[in-house]
Amino acid sequence: MIIEPVIRGVIARSSHPEGCKKAVDNQIEYVKSATPIKDGPKRVLILGASSGFGLAARIALTFGGAEADTIGVSFEHGPSEKGVGSAGWYNNIHFKHRAQQAGRQAINIIGDAYSSETREQVIEAIETYFEGEVDLIIYSLASGRRTKEDGNYWHSAIKPIGESVSGAIINLETQKWENTTLAPATDDEIEGTLKVMGGQDWENWIDTLINTDSIANGCKTIAFSYIGPEITHPIYLDGTLGRAKVDLHQTSHALNLELAHFNGNAYAAVCKALVTKASVFIPGLTPYLLALYKTMKEQGTHEGCIEQMQRLFSTKLYGQDKVPVDGERLLRVDDLELDPEIQRQVAERLSQMDESNFKEIGDFDGFQQEFLNLNGFGLEGVDYAKRTDVDKLKTLTP
Ligand code: NAI
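Residues numbered from 1 in each chain as written. Predicted model: local features only at pLDDT ≥ 70, side-chain atom pairs only at ≥ 80, totals over all residues. Heavy atoms only, no water.

1. What about the overall build of the protein chain?
Per the secondary structure count, the protein chain includes 13 helices and 13 strands. Across its three principal axes, the protein chain shows a C-alpha extent of roughly 60 × 55 × 45 Å. Intrachain contacts of the protein chain at a sequence separation of at least 6 include 77% that bridge at least 24 residues. For the protein chain, the accessible area works out to roughly 17400 Å², and carbon and sulfur atoms hold 47% of it. Both charge centroids of the protein chain, one from 39 positive and one from 56 negative side chains, sit 4 Å from each other. (Helix = DSSP H or I, 4+ residues; strand = E, 2+ residues; numbered from the N terminus. Contact = heavy atoms within 4.5 Å. Areas by Shrake-Rupley, 256 points an atom, 1.4 Å probe, with all protein chains shown as cover. Lys, Arg positive; Asp, Glu negative; His and termini not counted. Charge placed at Lys NZ, Arg CZ, Asp CG, Glu CD.)

2. Some details on the pairing of strand 11 (residues 215-225)
Taken across its eleven residues, strand 11 has nine buried, putting it largely inside the fold. In this sheet, strand 11 lies alongside strand 6 (residues 134-139) in parallel orientation, the contact comprising five bridges. When the bridges of strand 11 are listed, Ile137 appears paired with Thr221. Since strand 11 and strand 12 (residues 265-270) lie parallel, the crossover through helix 7 (residues 240-260) that links them has a hand, and here it is right-handed. (Buried < 20%, exposed > 50% of the residue type's maximum accessible area, 1.4 Å probe, protein only. Pairing = 2+ DSSP bridges. Right-handed = clockwise from strand over helix to strand, strands pointing away.)

3. Thoughts on the packing of aromatic side chains
Scanning the model with the defined rule gives nine aromatic pairs in all. Centre to centre, the rings of Phe63 and Phe95 are 6.1 Å apart; their planes meet at 85 degrees, and the pair counts as edge-to-face. Linking Phe63 in helix 2 (residues 52-63) with Phe95 in helix 3 (residues 87-101), this pair joins segments that are 32 residues apart in sequence. Like Phe63, the residue Phe95 is buried in the burial classification. (Phe/Tyr/Trp six-rings, centres within 6.5 Å; stacked < 30°, edge-to-face > 60°.)

4. Description of the pairing of strand 9 (residues 165-171)
Looking along a regular strand, one sees the side chains alternate between the two faces of the sheet. In terms of burial, strand 9 is a largely internal element, six of the seven residues being buried. Pairing of strand 9 with strand 10 (residues 176-182), which is carried by seven bridges, proceeds in the antiparallel orientation. Residue Ile169 lies in a different strand from strand 10, and its bridge partner there is Glu178. As consecutive antiparallel partners, strand 9 and strand 10 are separated by four residues, and within that stretch Gln175 has a phi angle of approximately 60 degrees, a positive value.

5. A few points about the site of the ligand
Lining the immediate surroundings of the ligand are 30 residues, of which Ser50, Ala113, Lys245, Leu274 and Thr276 lie closest. Note that a nitrogen atom of the ligand is positioned 2.7 Å from one of the backbone N or O atoms of Ala113. Leu274 places a polar main-chain atom, nitrogen or oxygen, 2.8 Å from an oxygen atom of the ligand. Contact with the protein chains covers 94% of the free accessible surface of the ligand, which is 840 Å². Contributing elements (two or more residues each) for the shell around the ligand: helix 2 and strand 11. Its residues assigned to classes, the shell around the ligand shows 14 nonpolar, eleven polar and five charged. (Near = heavy atom within 4 Å. Polar contact = N/O pair within 3.5 Å; in protein donor to acceptor, adjacent residues only side chain to side chain. Nonpolar A, V, L, I, M, F, W, Y, C, P; charged D, E, K, R; others polar.)

6. Brief notes about helix 1 (residues 17-33)
Taking 1.5 Å of rise per residue, the 17 residues of helix 1 would be expected to cover 24 Å, and the 25 Å separating its terminal C-alpha atoms lies within 8% of that figure. Within helix 1, the full set of buried residues consists of Pro17, Gly19, Cys20, Ala23, Val24, Asp25, Gln27, Ile28 and Val31. Buried residues in helix 1 make contact with helix 2, helix 3, helix 9 (305-317), helix 12 (364-374) and helix 13 (390-394). (Expected span 1.5 Å × (residues − 1).)

7. Thoughts on the pattern of salt bridges
Using the criterion set out here, one finds 17 salt bridges in the structure. Arg43 is the salt-bridge partner of Glu133, the closest N and O atoms lying 3.8 Å from each other. Placement of Glu133 in the loop between helix 4 (116-129) and strand 6 and of Arg43 in strand 3 (residues 43-47) is noted, with a sequence separation of 90 residues between them. Take Glu133: its relative accessible area is 29%, and that puts it in the partly exposed class. Residue Glu303 is joined to Arg311 by a salt bridge in which the shortest nitrogen-to-oxygen separation is 2.7 Å. Judged by relative accessible area, Glu303 falls into the buried class, the value being 9%. What emerges from the salt-bridge pattern is a single network uniting Arg43, Glu133 and Asp135. (Salt bridge = Lys/Arg side-chain N within 4 Å of Asp/Glu carboxyl O.)

8. Points about the side chain of Ser279
Turning to its location among the elements, Ser279 is positioned in the loop between strand 12 and helix 8 (285-299). Judged by its relative accessible area of 9%, Ser279 falls in the buried class. When residues no more than four places from it in sequence are discounted, the contact partners of Ser279 are Leu274, Leu285 and Leu289.

9. Things to note about the UniProt feature "domain: Trans-2-enoyl-CoA reductase catalytic" (unreviewed entry) in the protein chain
UniProt records the feature "domain: Trans-2-enoyl-CoA reductase catalytic" (unreviewed entry) for residues 84-318 in the present numbering. Counted over residues 84-318, helix gives 43% and strand 20%. Its end C-alpha atoms are 39 Å apart. (UniProt positions renumbered as here; feature names shortened; annotations may be inferred.)

10. A short note on the environment of Leu241
Secondary-structure assignment places Leu241 in helix 7. C-alpha of Leu241 to C-alpha of Phe224: the two residues are 17 residues apart in sequence and 12 Å apart in space. Residues contacting Leu241, with those up to four places away along its chain left out, are Ile158, Thr193, Met197, Tyr236 and Ile282.

Encoded structure:
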């Protein structure tokens, strides 16, 4: 079959396996030419390894100087009668292939990271492939729900707290600007978002690994956060997601104390706003992303997930006498985004942007291109007119 992009609203319903391969290869190529990671970790567990920051971290740590072996956990699906499968499924397959070619171990565990079954599989994999210990745990899950012990779910909601907020999303299917007004979250929604995107599950993972003696001496853990400029605070930092991120920051301090027993550390790394499967859902954030991309590209400071991760590991987390943190002990890789001159220009663009001109004032082409790339489409060097043998795809395993 010929695989075409199928987009519903802000969700991609198809992915292109060859394009996903190319996107992974492009990231590998980038980290090989970037400032290398020195004194990096050798055995890494990545929760949320198949896309966005988690995948970029995995690529950076394997190919960007550390030569790490990795166990990656993700929730992805392969080809079935419903479709060709998710981009993350093919990212996992191709990453593993490339890692093995480079002589590295790459174990993919497909399952619900919130479930005890997946935890058991991970512990077993650490025993089997890592001689029982990990040097770094990356917590990069982005999910709309978290499974409870009894099989029910907590659900996250992206909403303001206290008062309504208006903002636009860009519907990627229709390429139209859609104004939305979000009512304030209920107490249950605030609680649900905390449970899904806050620090509790991260802490549970680290506790599990401590209890199973899987933490190596000097082991670190990081989770990713976002703060953003004031202009995004009503929907992000002051809303449900921001509440969950503050909880994640607090968890990093608690985990730092726990890991001190192993000469290790825990950090929350504050990253840049980027187009990922998860972020295109956030109302009000897309116009900001369009203005930010346009401005940072003009100024030559734009970074994607891979540039962010390589910089985080090579200039902040490893190879330094002291890990550079801010007054709240946060690792900041959002410094270029928050540069005052960048923010001044972003604010100016946003003040002019509306439904009639967002494609010109903002970097809509770049935004759309990146969204397509995430799903394996629109990549240079891929022959999209070529038929894909779906039966062959079914034989590939992550
Ligand atoms: P993403 O959607 O690209 O990746 C999420 C990963 O989590 C995927 O590998 C997915 O398979 C996995 N996952 C989701 N539910 C799972 C489950 N139940 N079990 C196992 N794996 C599961 O998301 P992205 O954007 O890379 O987000 C990762 C983290 O980075 C999040 O904490 C997010 O808040 C944070 N972040 C994102 C920013 C952005 O602009 N995209 C900015 C700053 C922080």
